[in-house]
Each structure stands twice: as structure tokens, then as C-alpha cells.
Amino acid sequence: MLRVLKMMILPLITCSLITGVTALDSEASGKMGSKALLYYISTTIFAAILGICLVVIVHPGDPKARPDDQFTKKPDAFKGSTLDALFDLLRNAFPENLVQACFQQARTKFKKVPNNNTGGEPAYIQDGLEYANGMNVLGLITFCICLGVCMTKMKSVSRPLIEIIKALNDLIMKLVLFFMWYSPVGIFFLILSNILTIADLGATARVMGMFILTVLLGLSLHFCITLVGIYFLVTRKNPLVFIRNMLPAMMTAFGTASSTATLPLTFVCLEEKNKIDPRVTRFVIPIGATVNMDGTALYEALTAIFIAQLNGYPLGIGKMLTICITSIAASVGAASIPSAGLVTMILVFTAVGLPTEQISLIYTIDWFLDRFRTMINVMGDSFGAAIVEHLSKSELAEAPIPEYEMGANDTAALENKNDEESV
């Protein structure tokens with residue numbers, strides 16, 4: 001199931017973004033993009049602050065409960081600083097080779113050098129750039145937005161190409177609807193395989209139980225208060241109906257633990273069930289799946305302070321603020337793939353001097369928590385699309401989709417929406 005969804009990511013992102021941008025003029029795209037970014041930044045900041053407040057109040061980290069060597073498996077850590085990660089993000093936004101961007105990302109290469117301090121951790125220095133496996137979604141988004149803007153400026157010339165891309169987008173959506181019938185079986189085996197990899201489930205639950213409950217409480221509060229609250233205050237619509245229509249996407253996010261792999265289902269639920277304007281979803285959702293990581297920001301801020309509590313490491317207001325800022329920056333830089341937050345968490349730990357090797361304590365339970373924060377990330381993107389559509393009614397009304405540019409899904413969604421508004 002996961003392989004099938006990943007197969008759809010590349011054509012879905014490129015086609016949906018180009019059709020979304022070409023359906024609007026450049027001014028409307030700019031306004032819509034600024035509203036979406038304001039929403040993304042605001043909710044991510046709220047999530048990080050909520051995570052910090054909750055872990056300070058609950059205080060799940062007990063130094064007496066710290067295991068010595070029960071959890072020794074460590075993720076492949078990022079060796080650089082926060083600045084290195086931000087530069088990597090900027091480099092990937094402008095790939096030098098589009099074909100390569102479909103399956104590789106650029107990142108800073110580091111070389112291990114001897115450490116003169118006895119017993120100290122090895123030091124690393126920069127050693128140029130290297131390419132890691134994984135789709136460079138950010139670079140593809142940049143190219144598709146630029147191409148879409150140019151095609152909008154030259155619609156008389158680019159009209160045949162726009163029609164071809166829109167037809168391809170409709171075909172991809174039909175394939176997604178077909179594969180949705182098999183998703184429950186695939187999700188069941190994905191979760192089962194992860195449970196079977198834990199050697200001692202009881203010991204893991206005893207040591208990390210309070211931490212797990214704190215994370216789940218934080219994600220629930222962020223979902224119920226921040227996301228649902230903003231949606232209701234802005235749109236004045238019943239959020240329960242919206243959430244019910246998004247259940248297939250939420251279950252897929254839980255099963256795959258990947259915002260990008262959930263993109264096909266997110267489009268279907270928003271356009272077919274919640275009747276969100278396709279011009280909004282195809283422009284906003286791919287960007288949100290890449291940069292909007294509310295659940296990851298909350299999780300990384302909460303985890304850093306939990307590890308500090310576990311080690312009896314005092315944190316003042318200054319370090320709390322540093323954790324908040326670096327968690328937000330690291331969540332933006334996190335890839336929308338399973339357990340990507342573990343790698344970027346190194347940046348948060350390094351910023352406040354926490355022992356990075358203790359991320360291994362989180363490793364055995366991260367697969368479980370990753371599924372819940374991915375659900376929050378996907379729902380944050382979805383609520384954002386609905387909010388941006390509500391705030392952009394004037395721009396959308398001034399830029400109706402011409403009939404020759406409308407696919408079958410677009411026409412049905414807009415006709416149903418017009419019927420509801422007339423009632």
C-alpha cells in the first residue's frame with residue numbers, strides 16, 4: 001500500500017500544483033500563498049509553545065527512571081548545526097537538476113576528525129555536499145510554482161499544455177480512488193509489522209509511558225483547541241463534519257506515518273467530500289505537506305525538555321526560547337517521511353547542549369508517536385486549505401475557472417459547492 005501511494009506522489013504534486021497556479025492569476029496566487037504561510041507559521045508556533053508548557057507542567061521526566069542500556073539503537077544523526085540544516089533547505093529549494101530532484105536531495109557532507117578530549121564524542125567538519133536518496137519535494141514545488149506562474153502569463157501559448165496537465169491530474173486522482181479500496185488491509189499490516197519489531201513491549205511502556213501520554217495529550221490539545229478552534233472562528237462551520245469527511249486521509253496518515261504518502265487521499269477527501277475548491281487544494285496542500293509540521297514542532301520541543309528532565313538538566317527561560325525556535329526551524333526542515341523528526345531533533349538537542357546519544361531512548365517508541373503527529377500534520381494542512389478558501393472568496397470569485405480548463409473532479413466539486421451556497 002505504501003509503495004503504491006509513493007508511486008503517485010511525483011505526478012500528483014507536479015500536476016496539482018501547476019493546475020492550481022494556472023487556475024489563478026499571479027496576484028491571487030500571491031495573496032493565497034501569503035495567507036497559507038501566515039496560517040502555517042502561526043499554528044507551528046502555537047504547537048511548539050504548547051509542547052513546552054505541557055512538558056513543564058506534567059514533568060514526565062524522572063531521573064530515577066532513566067534506563068542505562070535498555071535502548072541502544074540510534075538513528076543516523078545529522079552532524080551539523082541548525083544553520084547547516086537551513087542552508088540545506090535553501091539549496092534543495094533550487095535544485096540544479098530537476099531529474100535528480102525526483103529521487104535525491106542535497107545535504108551537507110561531514111567528515112569525522114579525531115577528538116583530543118579523552119572519552120569525548122568524535123568531532124565533524126564540513127566536507128562539501130552529497131546527495132541522499134529521497135525525493136526533493138521542496139525543489140519540485142519551487143519549479144512547479146514558477147512554471148505555473150509563467151504559464152499563467154502566457155495562457156494563449158500554454159493553453160494546450162495546461163489541458164494536458166489537467167487531464168493527467170484527473171487520471172491520477174481516478175487511480176487514487178481505485179487504490180483507496182485496498183488501503184485498510186495495507187494499513188493493518190504496516191502497523192502490525194512495527195509492533196512485532198519491539199523486543200520487550202512491557203519494558204518500553206514502563207519507562208516511556210508517561211512521556212507517551214504527555215505527547216498524545218499535547219497533540220490532542222493542539223488538534224482540539226488550536227486547529228479546530230481556528231477553523232471554527234474563521235469559517236463558522238461545524239468542524240465535526242469536516243473531520244468526519246477527512247477520516248480516510250487520517251487513517252492513511254496513521255498507517256503510513258508520511259504526510260507526502262497521504263497526499264492522494266488528502267486531495268480526494270478535501271475536494272470530493274468537503275467540497276473545497278480544487279484551485280485552493282492543489283496550490284496549498286503540496287506546500288503544507290512540506291513545510292507545515294505542527295505535530296513535529298510540538299514533539300521535538302516536548303522531547304528536548306523531557307530528556308533534560310530525565311538528566312536533571314536545568315533549563316532557564318533563554319534555553320526554553322532556544323528550544324522553541326529551533327523546534328520550529330527543525331520541523332520546517334523535516335522531510336515528510338516516517339521518523340524524519342528523529343534526525344532533525346539532533347539540531348534541537350545540540351542548540352541547548354543536551355546529550356544527543358539519548359535520542360536512542362525515543363527511538364523504540366517513535367514509530368508509534370510518529371503516526372499520531374503525522375495525523376496532526378495532515379489535518380493541519382487540511383484545515384489550512386479550508387481556512388484559506390474561506391478567506392480567499394473574493395479572489396476566487398474574480399478568477400473563475402474557464403470551462404476548457406476544468407476537469408471532471410473540478411466541475412463536480414464546484415457545482416456541488418455552488419448548490420450548497422445557493423441553499
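Predicted model only: the values in this text are computed from it and were never measured.

Observations regarding the packing of helix H10 (residues 247-256) against helix H11 (residues 259-273)
Phase 1: Here H10 crosses H11 at 170°, and the two axes come no closer than 8 Å. Considered as vectors, H10 and H11 are oriented roughly antiparallel to each other. Contact residues: Pro248, Ala249, Thr252, Ala253 and Thr256 in H10; Ala261, Thr262, Leu265, Thr266, Cys269 and Lys273 in H11.
Phase 2: Across the contact of H10 with H11, the residue classes tally to six nonpolar, four polar and one charged.

Brief notes about the pattern of salt bridges
Phase 1: Tallying each qualifying case throughout the model produces six salt bridges.
Phase 2: When the shortest N-O distance is used, the salt bridge between Glu271 and Arg282 registers 3.4 Å. Of this pair, Glu271 sits in helix H11 while Arg282 sits in helix H12 (residues 278-291), placing them eleven residues apart in sequence.
Phase 3: Take Arg282: its relative accessible area is 2%, and that puts it in the buried class.
Phase 4: A salt bridge links Arg373 to Asp366; the nearest nitrogen and oxygen atoms lie 3.1 Å apart.
Phase 5: You can call Asp366 buried: its relative accessible area is 0%.
Phase 6: It is possible to trace a salt-bridge network through shared partners that takes in Asp366, Asp370 and Arg373.

Comments concerning the packing of H11 against helix H16 (residues 360-391)
Phase 1: It is the contact of H11 with H16, at a shortest axis distance of 11 Å, that shows an interaxial angle of 40°. In this view, H11 runs oblique relative to H16, as classed from their interaxial angle. The interaxial crossing formed by H11 with H16 has right-handed handedness. Taken together, the residues of H16 that come into contact with H11 (itself represented by Ser259, Thr262, Thr266 and Leu270) are Thr374, Asn377, Val378, Ser382 and Ala385.
Phase 2: Partitioning the contact of H11 with H16 into residue classes produces three nonpolar, six polar and no charged.

Quick word on the confidence of the model for the chain
Phase 1: For the chain, the average pLDDT comes to 78, and 76% of its residues sit at 70 or higher.
Phase 2: The lowest-confidence element of the chain is helix H18 (residues 408-422), averaging 48 in pLDDT; the highest-confidence one is helix H9 (residues 239-245), averaging 95.
Phase 3: Low pLDDT (under 50) marks residues 69-77, which in the prediction has 18 contacts with non-local residues, meaning those over four places away or in another chain.
Phase 4: Contacts from residues 418-423, a stretch scored under 50 in pLDDT, to residues over four places away or in other chains number one contact.

Quick look at unusual backbone geometry
Phase 1: Positive phi values are uncommon outside glycine, yet Arg236 reaches one of about 60°.
Phase 2: Along the chain, the position of Arg236 falls in the loop between helix H8 (201-235) and H9.
Phase 3: The class of Arg236 is exposed, set by a relative accessible area of 58%.
Phase 4: Unlike most non-glycine residues, Ala257 shows phi in positive territory, near 55°.
Phase 5: By secondary structure assignment, the location of Ala257 is in the loop between H10 and H11.

Considering helix H5 (residues 137-153)
Phase 1: Helix length check: H5, at 17 residues, gives a terminal C-alpha distance of 24 Å against a target of 24 Å (1.5 Å per residue), a fit within 8%.
Phase 2: Turning to H5, its buried residues are Val137, Leu138, Gly139, Leu140, Ile141, Thr142, Cys144, Gly148, Met151 and Thr152.
Phase 3: Between a side-chain oxygen at the N-terminus of H5 and the backbone nitrogen of Gly139 the separation is 3.1 Å; the capping residue is Asn136.

A closer look at the side chain of Asn245
Phase 1: Among the structural elements, Asn245 can be located in helix H9.
Phase 2: Residue class for Asn245 comes out buried when judged on its relative accessible area of 15%.
Phase 3: Within the structure, Asn245 has its side chain in polar contact with the side chain of Asn274 (distance 2.9 Å).
Phase 4: Aside from chain neighbours lying at most four places away, what touches Asn245 is Cys269, Lys273 and Asn274.

Focus: a nonpolar patch on the surface
Phase 1: Together, Leu37, Ile41, Ile45, Phe46 and Ile49 give the surface a local cluster of nonpolar side chains, amounting to about 440 Å² of exposed area.
Phase 2: For Ile45, the position within the fold is in helix H2 (residues 26-58).
Phase 3: Its relative accessible area of 33% is what places Ile45 among the partly exposed residues.

Section: the packing of aromatic side chains
Phase 1: If you walk through the whole model with that rule in mind, you get nine aromatic pairs.
Phase 2: Aromatic side chains Phe242 and Phe383 sit 5.0 Å apart centroid to centroid with 20° between the ring planes, which places their arrangement in the stacked category. Pair noted here: Phe242 is in helix H9 and Phe383 is in helix H16, with a separation of 141 residues, a long-range link. Here Phe242 and Phe383 have matching classes, each one buried.
Phase 3: An aromatic cluster is present here, built from Phe223, Tyr231, Phe242 and Phe383 joined pairwise through their rings.
Phase 4: If you follow Arg373 out to its NZ or CZ, it ends over the ring of Tyr299, 3.9 Å from the centre.

Quick notes on the rules
Residues numbered from 1 in each chain as written. Predicted model: local features only at pLDDT ≥ 70, side-chain atom pairs only at ≥ 80, totals over all residues. Heavy atoms only, no water. Axes fitted to C-alpha atoms, helices over the stretch in contact; angles between N-to-C directions. Helix = DSSP H or I, 4+ residues; strand = E, 2+ residues; numbered from the N terminus. Parallel < 35°, antiparallel > 145°, perpendicular 65-115°, else oblique. Contact = heavy atoms within 4.5 Å. Nonpolar A, V, L, I, M, F, W, Y, C, P; charged D, E, K, R; others polar. Salt bridge = Lys/Arg side-chain N within 4 Å of Asp/Glu carboxyl O. Buried < 20%, exposed > 50% of the residue type's maximum accessible area, 1.4 Å probe, protein only. Left-handed = near helix turned anticlockwise from the far one by under 90°. pLDDT = per-residue confidence, 0-100. Expected span 1.5 Å × (residues − 1). Polar contact = N/O pair within 3.5 Å; in protein donor to acceptor, adjacent residues only side chain to side chain. Patch = residues over 30% accessible without salt bridge, like charges linked within 9 Å, V, L, I, M, F, W, Y side chains within 5 Å. Areas by Shrake-Rupley, 256 points an atom, 1.4 Å probe, with all protein chains shown as cover. Phe/Tyr/Trp six-rings, centres within 6.5 Å; stacked < 30°, edge-to-face > 60°. Lys NZ or Arg CZ within 6 Å of the ring centre and 35° of its normal.

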